[in-house]
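A look at the structure
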Amino acid sequence: MQIFQVDAFTSQPFAGNPAAVCLLPELRSDRWLQQVAQEMNLSETAFLVPQADGFNLRWFTPTVEVDLCGHATLASAHVLWSEGVLPEDCPARFHTRSGLLTATRQGSWIQLDFPLTPVDSAMIPPDLPVMLGIPMPSAVIYGGKTRFDYLLAVESATIVQQMIPDFAALQSLPVRGIIVTSRADCPDYDFVSRFFAPRAGINEDPVTGSAHCALAPFWGDRLGKSELVGYQASARGGVVRARVQGDRVLLAGQAVTVLRGELLA
């Protein structure tokens, strides 16, 4: 069984978000999939099984299976094309817990067709800014919730970049994760963000494609734009291009393979 490690949402190795991609001839037990993900110890391990009209795709963190993952889907498409499993001009079709997802090549970029995730205004826990390490709760200018996560918008990119969260405290929250975002402070990007998901076994995710399914419509409405560029300001950093198209979001990123191997267990 072939297994790969791919850095997604970056054109450079050792940046972006690393994902493991495992090509399976047939689906294995949930327990085995979870054990492999724990062994890889990356934010996501993707498992691909061929089927008549595409691939069955599942995503696991080191501790849980998740419903939607952008960077491991991008990594999976990259592997299928770079390893010759699919011709480069053939779209990748993935059957997942979030329905059919597709990926297409656009030069050196890969575009994913994902479901839009609306953000609704909501009462956030009053101590959430403190948990996140936001020094002044008044710096939070918006609080909302998607079907997966809390989303907080803050006054400046500096606040986003300088937060030092209390991950033990965040683990108690009844959501997949917490998105913190602001308008960008440089002309290359429209917004910046960070994503924390200790409840799912990931303290900070380096680049989170699925979070941009909410960030794109959120910032698109506020900036009056349907095409945006986001920068996820983690230590590794990564760039996501996003275009809102009805109830879908087209996410684009680059990827590079950093490891090829054979899974023996």
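This text goes with the structure placed above it.
Residues numbered from 1 in each chain as written. Predicted model: local features only at pLDDT ≥ 70, side-chain atom pairs only at ≥ 80, totals over all residues. Heavy atoms only, no water.

Some remarks on the overall build of the protein
A count of helices and strands for the protein gives six helices and 18 strands. For 265 residues, the compact-globule formula gives about 18 Å, and the C-alpha radius of gyration of the protein, at 18 Å, lands near that figure. Dimensions of the protein along its principal axes, counting C-alpha atoms only, are 55 × 35 × 30 Å. Taking all 265 residues of the protein together, the buried fraction comes to 57%. Considering only contacts within the protein whose residues lie at least 6 apart along the sequence, 62% involve residues at least 24 apart. Carbon and sulfur atoms make up 50% of the accessible area of the protein, which totals about 11300 Å². Within the protein, one finds 19 positive and 26 negative side-chain charges whose respective centroids are separated by 2 Å. (Helix = DSSP H or I, 4+ residues; strand = E, 2+ residues; numbered from the N terminus. Rg over C-alpha atoms; globule rule 2.2 N^0.38 Å. Buried < 20%, exposed > 50% of the residue type's maximum accessible area, 1.4 Å probe, protein only. Contact = heavy atoms within 4.5 Å. Areas by Shrake-Rupley, 256 points an atom, 1.4 Å probe, with all protein chains shown as cover. Lys, Arg positive; Asp, Glu negative; His and termini not counted. Charge placed at Lys NZ, Arg CZ, Asp CG, Glu CD.)

So, the pairing of strand S11 (residues 149–154)
Buried residues dominate S11, accounting for six of its six residues. As paired elements, strand S10 (residues 140–145) and S11 share five bridges and run antiparallel to each other. Within the sheet, the bridge partner assigned to Val140 lies in S11 and is Val154. As consecutive antiparallel partners, S10 and S11 are separated by three residues. As defined by bridge partners, S11 adjoins strand S12 (residues 177–183) across five bridges and the pair is classed as parallel. Within the sheet, the bridge partner assigned to Leu151 lies in S12 and is Ile179. (Pairing = 2+ DSSP bridges.)

So yeah, pure geometry; function would need other evidence.
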